[in-house]
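Summary of the model geometry
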Amino acid sequence: SIRNLGIAAAGTAGTGLLGSSAEAAGVTVGVASGILFNIVMMTLGAGIILYYVLPFMPFVYFFFAVGRWVKSIFEAMVAIPLWALAHMRLGGEGIPGPAAGQGYFLILEIFLRPILTLFGLLASMGTFMALSAGLDSVFNLAVVNAGGFDMTTLSSGTSSSGANVFLTSVRDGVDALFYTVLYAILVYMIATSSFKLIDLFPNAIMRWGGTNVAGFNDGADPIGQLEYNLVYKVDATAREMAQVGDNFSDQSRLRDIMSKN
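**A word on the overall build of the chain**
Helix and strand counts for the chain come out as six helices and zero strands. Mapped from its N terminus to its C terminus, the chain presents α and β elements in the order α-α-α-α-α-α. The proportion of buried residues among the 261 residues of the chain is 31%. In the chain, the share of contacts with a sequence separation of at least 24, taken over all contacts with a separation of at least 6, comes to 79%. For the chain, the exposed area adds up to about 16,000 Å²; of that, 71% sits on carbon and sulfur atoms.

And the structure:
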């Protein structure tokens, strides 16, 4: 991806070096560079997600889960006076009454959250390894049955001769690219759904006790924000490189016109 990004930037900058005498060639190179930029953004985004974001997911979800537990402790400290006032309403069933009964479940949730977060981490790791191993086992079979493309040999397996050899090789390259991107998307979806168990275990386990109480949680997805920031920065950097190439091309054309005039 980085190699293709350099080629695309060089091609964009080189359109101005061709001069007005090769305007058609310059337009062709510019269009090819734009297409290559789009392919680079697709492959570079998939590479960043798989190589940097995905291995970091367990730590990020676990770290933010610990942070939510600390925030729930501070919430309980602030809410203690209100919980004490709730004990003054003695009507209804039970010793503390229905107004103060929910507070005991919140206190129980605070005590259980660390061990539930740890169980969620272990469950998410096991789930991700099982689902990813199953995907590796059946993905090539699904691709062969759906599109006739073999990911182990990176070819469609169809025999061709003459001019069809080039078209077949181009099609095989396109199939390999898009099936690889599809695989990256599937792995990312599996990782996201699996590692969210680190949050789901402590947040939803109390409903098994017959209560719907919930502590203070921001509800934000840290991985989604991290992925957005990374992809956005990469896209902005690539666009800046393309803009530099365009400016260089425009300056080269301007110098060529001025020299002729």
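Alright, that's what it looks like, and here's the rest.
**Things to note about the confidence of the model for the chain**
Averaged over every residue, the pLDDT of the chain is 76; the share at 70 or more is 66%. The secondary-structure element of the chain with the lowest mean pLDDT is helix α6 (residues 222–260), recorded at 60, while helix α3 (residues 98–147) shows the highest, at 88.

**What to know about the layout of surface pockets**
The calculated volume of the largest pocket comes to roughly 270 Å³. Of the residues belonging to the lining of the largest pocket, the class tally is eight nonpolar, four polar and three charged.

**A word on the pattern of salt bridges**
Under the criterion given, the structure shown has three salt bridges. A salt bridge links Arg68 to Asp199; its shortest N-O distance comes to 2.9 Å. With Arg68 in helix α2 (residues 23–86) and Asp199 in helix α5 (residues 197–204), this pair connects stretches of sequence that are 131 residues apart. Across the pair, exposure class does not vary: Arg68 and Asp199 are buried alike. Between Asp175 and Arg171 there is a salt bridge, with its nearest N and O atoms 3.5 Å apart. With Asp175 and Arg171 both in helix α4 (residues 164–195), this residue pair falls four residues apart, about one helical turn. Classification of Asp175 as buried rests on a relative accessible area of 16%.

**Quick look at the packing of aromatic side chains**
Overall, the coordinates contain eight aromatic pairs when judged by the stated rule. Taking 5.3 Å as the distance between ring centres and 35 degrees as the angle between the ring planes, the aromatic pair formed by Phe128 and Phe195 counts as tilted. Residue Phe128 is located in helix α3, and its partner Phe195 is located in helix α4; the two are separated by 67 residues in the primary sequence. The exposure class assigned to Phe128 is buried, which follows from its relative accessible area of 14%. Owing to a relative accessible area of 2%, Phe195 belongs among the buried residues under this scheme.

**Focus: the environment of Arg113**
Summarising the element assignment, Arg113 is placed in helix α3. For Arg113, a relative accessible area of 3% gives the class buried. Through-space distance from the C-alpha of Arg113 to that of Ser72 is 9.6 Å; in sequence the pair is 41 residues apart.

Cut-off values and rules
Residues numbered from 1 in each chain as written. Predicted model: local features only at pLDDT ≥ 70, side-chain atom pairs only at ≥ 80, totals over all residues. Heavy atoms only, no water. Helix = DSSP H or I, 4+ residues; strand = E, 2+ residues; numbered from the N terminus. Buried < 20%, exposed > 50% of the residue type's maximum accessible area, 1.4 Å probe, protein only. Contact = heavy atoms within 4.5 Å. Areas by Shrake-Rupley, 256 points an atom, 1.4 Å probe, with all protein chains shown as cover. pLDDT = per-residue confidence, 0-100. 1 Å grid on protein atoms, 1.4 Å probe; cavity = no way out; pocket = protein on both sides within 12 Å on 5 of 7 lines; lining within 4 Å. Points joined across faces, edges and corners; volume = space filled by probe spheres on them. Nonpolar A, V, L, I, M, F, W, Y, C, P; charged D, E, K, R; others polar. Salt bridge = Lys/Arg side-chain N within 4 Å of Asp/Glu carboxyl O. Phe/Tyr/Trp six-rings, centres within 6.5 Å; stacked < 30°, edge-to-face > 60°.

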